[in-house]
Amino acid sequence: MLVSPSLLAADFGNLDREIDMLNQSNADLIHLDVMDGVFVPNISFGFPVIEAISKRATKPLDVHLMIVHPENYIGRLRDVGATIMNVHQEACIHLDRTIHAIKDAGMKAAVTLNPSTPVMMLEDVITELDMVLLMSVNPGFGGQKFINNAIEKTRRLKELIARTGSKAQIEIDGGVNDVTGRSLAHAGADILVAGSYIFNSQDPSATIDLLKSL
Ligand code: DX5
Ligand code: ZN
């Protein structure tokens, strides 16, 4: 299992220390949640913060854009150091065009689905994707309760990927802990995002190892 700790639950007054901890841990990626107050009812951080994180982090940045018109920021996101660009299906009218623009810019292309968006919405682009991010909470806030239909949805996505020969990895975000993470592992998840479960634990590095062992 790969693990992508969500920095949203970190101590923003001590970002260098938190990033150093992740650098020294067995985390595979660092998940960054960008919120615009329009697509989701919350605002987090933007390019200057991502750039500062990128300068210090030694792990690839997995950037989850909870914003409208993510296609307007592809070049800038690449320039501040993103490796994976996650755009919401619900935010993209011309999703196919956006996926290709992300790849042309040299990043990995990932599409995120809200809990209410069915997996079949990706049927016609799945072979173009490097990753699909399934939301297991309604996006906008850390620390929410896991929505159980994400387990069944992970299975359905796994089937779609197998049927089409897609190479997309399956990442799940929201309410992930040891219990929900184990069910997701059985259902076929490749990458777990976790914020509060990791950063609110006594030993975040050990919690990352525990999730990786699922
Ligand atoms: C929610 C974000 C998540 C969030 C997860 O909108 O996309 O990445 O940080 O937080 P936890 O793991 O606490 O549910
Ligand atoms: Zn996220």
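Scroll up to find the structure.
What you see is a predicted model, and the numbers here were worked out from it, not measured in a lab.

Thresholds applied
- Along each chain, residues carry numbers from 1 onward, in the same order as the chain's sequence is written.
- Chain letters start at A and ligand numbers start at 1, both assigned in the order the entries are written.
- For a predicted model such as this one, the threshold for reporting local features is a pLDDT of at least 70, and the threshold for listing and counting side-chain atom pairs is 80 or more; totals across whole chains, interfaces and linings nevertheless cover every residue.
- Excluded from the side-chain calculations are hydrogens and water; all other atoms, namely the structure's heavy atoms, are used.
- For the purposes of this entry, the term helix denotes a DSSP run of H or I that reaches at least four residues, the term strand denotes a run of E that reaches at least two, and both are numbered from the N terminus.
- Using a 1.4 Å probe on the protein chains alone, a residue whose accessible area is under 20% of its type maximum counts as buried, one over 50% counts as exposed, and one in between counts as partly exposed.
- Residue-level accessible areas treat just the shown protein chains as cover; the underlying method is Shrake-Rupley with a 1.4 Å probe.
- Throughout this document, a residue counts as near a molecule or strand when at least one of its heavy atoms sits within 4 Å of that molecule or strand.
- In protein, a polar contact means a hydrogen-donor-capable atom and an acceptor-capable atom, both N or O and within 3.5 Å, with residues adjacent in sequence counting only if both atoms are side-chain atoms; elsewhere, any N or O pair within 3.5 Å suffices.
- Charged means Asp, Glu, Lys or Arg here, nonpolar means Ala, Val, Leu, Ile, Met, Phe, Trp, Tyr, Cys or Pro, and polar covers whatever is left, Gly included.

With reference to specific residues and values, describe the overall build of the protein.
Helix and strand counts for the protein come out as 8 helices and 8 strands. The principal-axis extent of the C-alpha atoms belonging to the protein is close to 40 × 35 × 30 Å. Counting only residues that meet the buried cut, the protein has 51% of its 214 residues in that class. When the accessible surface of the protein is summed, it comes to about 9,400 Å², and 49% of that surface belongs to carbon and sulfur atoms.

I'd like to hear about the site of ligand 1, residue by residue, with values.
Around ligand 1 lies a shell of 20 residues, among which Ser6, Gly140, Asp173, Gly195 and Ser196 are the nearest. At a separation of 2.7 Å, an oxygen atom of ligand 1 approaches a polar backbone atom of Gly140. Measuring from an oxygen atom of ligand 1, one finds a side-chain N or O atom of Asp173 at 2.7 Å. Protein chains bury 99% of the 380 Å² of accessible surface belonging to ligand 1 in isolation. Counting residues per element, the ones that place at least two in the shell around ligand 1 are β2 (30-35), β3 (61-66) and β8 (191-194). With 3 residues, β2 is the single largest residue contributor to the shell around ligand 1. Looking at side-chain class alone, the shell around ligand 1 contains 8 nonpolar, 10 polar and 2 charged residues.

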